[in-house]
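Observations on chain architecture
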Amino acid sequence: VLDLGCHFGFHAHYLARLGHRVVGAEIDPELVRIGQKKYSHPNLELVQVEGTKLDFADSSFDSVLLLEVLEHTRNPRGLVAEIHRVLRPGGFFILSVPNAASYHTVGRTLFLNLKSYYRKMETWPEFATDQRDHYFYWDPFTLYRLLNHQGFRYVEHKFFDNLKLVNFLAR
């Protein structure tokens, strides 16, 4: 399993403890260093990588996780193409992204003073917290097109939210 954008490696470590061989890959070398100190397991390797230039052989992983990462990359096509390259044929690509059509995104658009908000965003550092470092927002249709154009076949999607009403309406 490749856990790409693994942060400290929490999910990678969990999967390694379940018996999977896991590579946790992260762009930030400081997060990798902290993760290496915090999590160790014989089935786990934490490495620093650049997402659009993965230093792994073609078809070298059975599964790739990309959890809450795609919205942070400047080159989503390049990232997804690299994931497709390192994933074995018939393997699984599991990803999660914030939904651009979610209630909080729509609410922010409707109720914020966007002119003021956008001007404030200009002064935020490149990697800030919260939604500030999202380069893209993905709705299910746009995400499907991106993945399909890179050679992935649709299997399944699910919406998750803490609000019961939103889950009910999504059905």
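First, a word on scope: everything that follows refers to the structure included in this document. In this text the structure is predicted, and so the values were computed from the model without any measurement.

A few words now on the environment of T52. Take T52: it is sitting in the loop between strand 3 (44-48) and strand 4 (61-67). The class for T52 is partly exposed, based on a relative accessible area of 23%. Residues T52 and I83 lie 31 residues apart in sequence; the distance between their C-alpha atoms is 8.6 Å. Non-local contacts of T52, meaning those with residues more than four positions away in its chain, are made with N75, G78, L79 and E82.

Counted residue by residue, strand 4 has five buried out of seven residues, so it is predominantly covered. Pairing between strand 1 (residues 2-4) and strand 4: two bridges, direction parallel. Bridge pairing links D3 to L65 in strand 4. Pairing of strand 4 with strand 5 (residues 87-96) involves six bridges; the strand directions are parallel. By the bridge assignment for strand 5, V64 is matched with F93.

The next point concerns unusual backbone geometry. Negative phi characterises most residues that are not glycine, and trans characterises most peptide bonds. Positive phi is not limited to glycine here, since H7 has a value of about 60 degrees. Within the secondary structure, H7 is located in the loop between strand 1 and helix 1 (10-17). With phi around 60 degrees, E68 is a residue other than glycine that occupies positive phi space. Of note, E68 is situated in the loop between strand 4 and helix 3 (76-86). Of the residues examined, E68 reaches a relative accessible area of 38% and is grouped as partly exposed.

Summed over all chains, the structure comprises four salt bridges. In this structure, the salt-bridge partner of D58 is R85, at a minimum N-O distance of 2.7 Å. In this pair, D58 is assigned in the loop between strand 3 and strand 4 and R85 in helix 3, connecting sequence segments 27 residues apart. The salt bridge partner of R88 is D62, with a shortest N-O separation of 2.6 Å. With a gap of 26 residues between them, R88 in strand 5 and D62 in strand 4 connect regions that are remote in the sequence. Looking at R88, the relative accessible area reads 33%, which means it is partly exposed. One salt-bridge network, in which partners are shared between bridges, spans D58, E82 and R85.

Right, let's get into the nonpolar core. The biggest cluster of nonpolar side chains holds 25 residues, and the ones touching the most others in it are L2, L4, F56 and L70. Contributions of two or more residues to this core are made by strand 1, strand 2 (22-26), strand 4, helix 3, strand 5 and helix 6 (140-149). In terms of residues, this core owes the most to one element, helix 3, which gives four residues. Leave out the neighbours within four places in its chain, and L2 touches V23, A25, L54, F56, F61, S63, V64, L65 and V86. Among the nonpolar cores identified, the runner-up in size contains 11 residues, and V22, V32, L46 and L65 belong to it.

What counts, and at which threshold
Residues numbered from 1 in each chain as written. Predicted model: local features only at pLDDT ≥ 70, side-chain atom pairs only at ≥ 80, totals over all residues. Heavy atoms only, no water. Helix = DSSP H or I, 4+ residues; strand = E, 2+ residues; numbered from the N terminus. Buried < 20%, exposed > 50% of the residue type's maximum accessible area, 1.4 Å probe, protein only. Contact = heavy atoms within 4.5 Å. Pairing = 2+ DSSP bridges. Salt bridge = Lys/Arg side-chain N within 4 Å of Asp/Glu carboxyl O. Core = buried A, V, L, I, M, F, W, Y, C linked by side-chain atoms within 4.5 Å.

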